[in-house]
Amino acid sequence: MYQVIIISDLHLSEGWDPVTKRLSRNEDFFFDLNFQRFLQHLAGRAERGGFYYKLIINGDFVDFLQFTSVPEDETIGGEVITKRERQLGLGISVVKTLWKLNILMNGHWIFFHALKEFVLRGNEVIIIPGNHDIEWMIPEVQERFKEKLSADIPEDKKTEFINRIQFVPWFYYDPYLSVFVEHGSQYDPLNSFDYFLCPYRKDGTLELPAGSFFVRYLFNRVEQYYPFADNMKPMSRFICWALKRHETWFSKPPRITKFIKFFLNILTKAKPIDKEWKKELDIRQAKELQRKAHDARLSIAQIHDLKKYWVPSALHNYHRLSLLKSFRDNSKLDSQYYLKRAVTIQQIYFHLL
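Here the structure is a predicted model, which means the values were calculated and not measured.

Once that is clear, we can look at a nonpolar patch on the surface. On the surface, a nonpolar cluster with roughly 260 Å² of combined accessible area is contributed by L23, F30 and F31. The topology assignment puts L23 in the loop between β1 (2-7) and α1 (32-49). Judged by its relative accessible area of 32%, L23 falls in the partly exposed class.

To continue, consider the packing of α1 against helix α4 (residues 109-120). The geometry of α1 relative to α4 is characterised by a closest axis approach of 8 Å and an angle of 10° between their N-to-C directions. On the basis of the axis angle, α1 is roughly parallel to α4. For the pair α1 and α4, contact is made by D32, L33, F35, Q36, L39, L42 and A43 and by I110, F111, H113, A114, L115 and F118, respectively. By residue class, the composition of the contact of α1 with α4 is ten nonpolar, two polar and one charged.

The next thing to look at is the pattern of salt bridges. One pass over the full model with this rule turns up eleven salt bridges. K116 is the salt-bridge partner of D152, the closest N and O atoms lying 3.0 Å from each other. Here D152 is found in the loop between α5 (139-149) and α6 (155-163), whereas its partner K116 is found in helix α4, with 36 residues between them in sequence. Residue class for D152 comes out exposed when judged on its relative accessible area of 58%.

This brings us to the nonpolar core. Grouped together as the largest cluster of nonpolar side chains are 83 residues, with contacts concentrated most on L55, F61, F112, L115, W136, F145 and L323. If sequence neighbours within four positions are ignored, F112 has contacts with L12, F61, L104, M105, F145 and L149. Formed by seven residues, the second largest nonpolar core is a distinct cluster that contains I56, I128, Y172 and V181.

With that out of the way, let us pick up the sheet that holds strand β6 (residues 165-167). Taken in spatial order, the four strands line up as β1-β2-β5-β6 in an open sheet, and their pairing is parallel. The open sheet has two edge strands with one neighbour each: β1 and β6. Recorded for the sheet is a direction-independent mean angle of 20° between the axes of neighbouring strands. Direction of pairing for strand β2 (residues 52-58) relative to strand β5 (residues 124-128): parallel, over a ladder of five bridges. Bridge assignment links N58 to a residue of β5, and that residue is I128.

We now examine unusual backbone geometry. Phi is positive for D9, close to 55°, though the residue is something other than glycine. By secondary structure assignment, the location of D9 is in the loop between β1 and α1. Overall, D9 belongs to the partly exposed group, its relative accessible area being 36%. In this model, W170 sits at a positive phi of 75°, which is unusual for a non-glycine residue.

This paragraph deals with the pairing of β1. Residues in a regular strand point their side chains to alternate faces of the sheet. By the bridge criterion, six bridges tie β1 to β2 in an arrangement that is parallel. In the strand pairing of β2, I5 is matched with L55. Note that the unit made of β1, α1 and β2 has a crossover that is right-handed.

So, about the packing of aromatic side chains. Following the criterion strictly, the structure yields 25 aromatic pairs and no others. When the ring of F61 is compared with that of F112, the centres are 6.1 Å apart and the planes differ by 50°; the resulting orientation is tilted. One end of the pair, F61, is in the loop between β2 and β3 (75-76); the other, F112, is in helix α4, with 51 residues separating them in the sequence. The class of F112 is buried, set by a relative accessible area of 5%. Taking 4.9 Å as the distance between ring centres and 85° as the angle between the ring planes, the aromatic pair formed by Y337 and Y338 counts as edge-to-face.

Criteria and thresholds
- Residues numbered from 1 in each chain as written.
- Predicted model: local features only at pLDDT ≥ 70, side-chain atom pairs only at ≥ 80, totals over all residues.
- Heavy atoms only, no water.
- Patch = residues over 30% accessible without salt bridge, like charges linked within 9 Å, V, L, I, M, F, W, Y side chains within 5 Å.
- Areas by Shrake-Rupley, 256 points an atom, 1.4 Å probe, with all protein chains shown as cover.
- Salt bridge = Lys/Arg side-chain N within 4 Å of Asp/Glu carboxyl O.
- Helix = DSSP H or I, 4+ residues; strand = E, 2+ residues; numbered from the N terminus.
- Buried < 20%, exposed > 50% of the residue type's maximum accessible area, 1.4 Å probe, protein only.
- Axes fitted to C-alpha atoms, helices over the stretch in contact; angles between N-to-C directions.
- Parallel < 35°, antiparallel > 145°, perpendicular 65-115°, else oblique.
- Contact = heavy atoms within 4.5 Å.
- Nonpolar A, V, L, I, M, F, W, Y, C, P; charged D, E, K, R; others polar.
- Core = buried A, V, L, I, M, F, W, Y, C linked by side-chain atoms within 4.5 Å.
- Pairing = 2+ DSSP bridges.
- Right-handed = clockwise from strand over helix to strand, strands pointing away.
- Phe/Tyr/Trp six-rings, centres within 6.5 Å; stacked < 30°, edge-to-face > 60°.

Quick look at the structure:
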């Protein structure tokens, strides 16, 4: 017997430097000890009640976009570290993501020790990728995470431990407890993926939505000056406020204007996906949809009923001017917009039962 606990949007990034004990200025999660007590409480409650928990981390568990540290070496795993990466942080290849994962788990050692203890006490962890941690879709990243979390567990217990950690693409569905969970970024044009189940470019790196470039190219630099910025909603309102403080933004090196130029470079990425590559992605995603239907014990028709409400990615379906305008208009997507989407999905869900 089990119960489900759902959390989301923790946005862990580089955390505490294990040597200096300083916290990254882009870090948004400061609650490692609180999380440890939370999991200890859940594990104790489960043991007393004779059941176990499924802890569902529903997207944006990690904010890989806010990793700005880079290795001192010129290359990493045979890949060159570019000048732009020195300014903005490493890109999203497999090798560079694995480097970030190591920084993540070292910088939040209390958090991940607590998560390991929670699993060792018989509970499960289910991770759903979000738009800020789409890197969880990479098989090598999933395997490295499990490997590091289980590093000092005896071999006779390791397989059982690893089997209690799952990565679930798109959504978690449990008809027995009447639970349907998804992150929701597929309903926001700035953060949606046209190929969420296989979000790859031709070169093998991940394809990011427009909102991710906003964080990577501009907002990380904003947080260097205003670490609290991510707590202000909508983000556009904060940006307008900050732009009025010219003495802070434009007089102190490095000038923020350079990063605004990086942000405007997003517009150059606003174009349709290459037709031939799109055909390949259509084939790949069709296979992934079939696999999702099998794993969720749903028909492919039911899967398509859910998928048809995804909104097209602004990056590949908007013209440049429309994309620029969408950054302004996105702040107008209030709770009613998402509530209507949730109600629609709920109505579909009841037909699934």
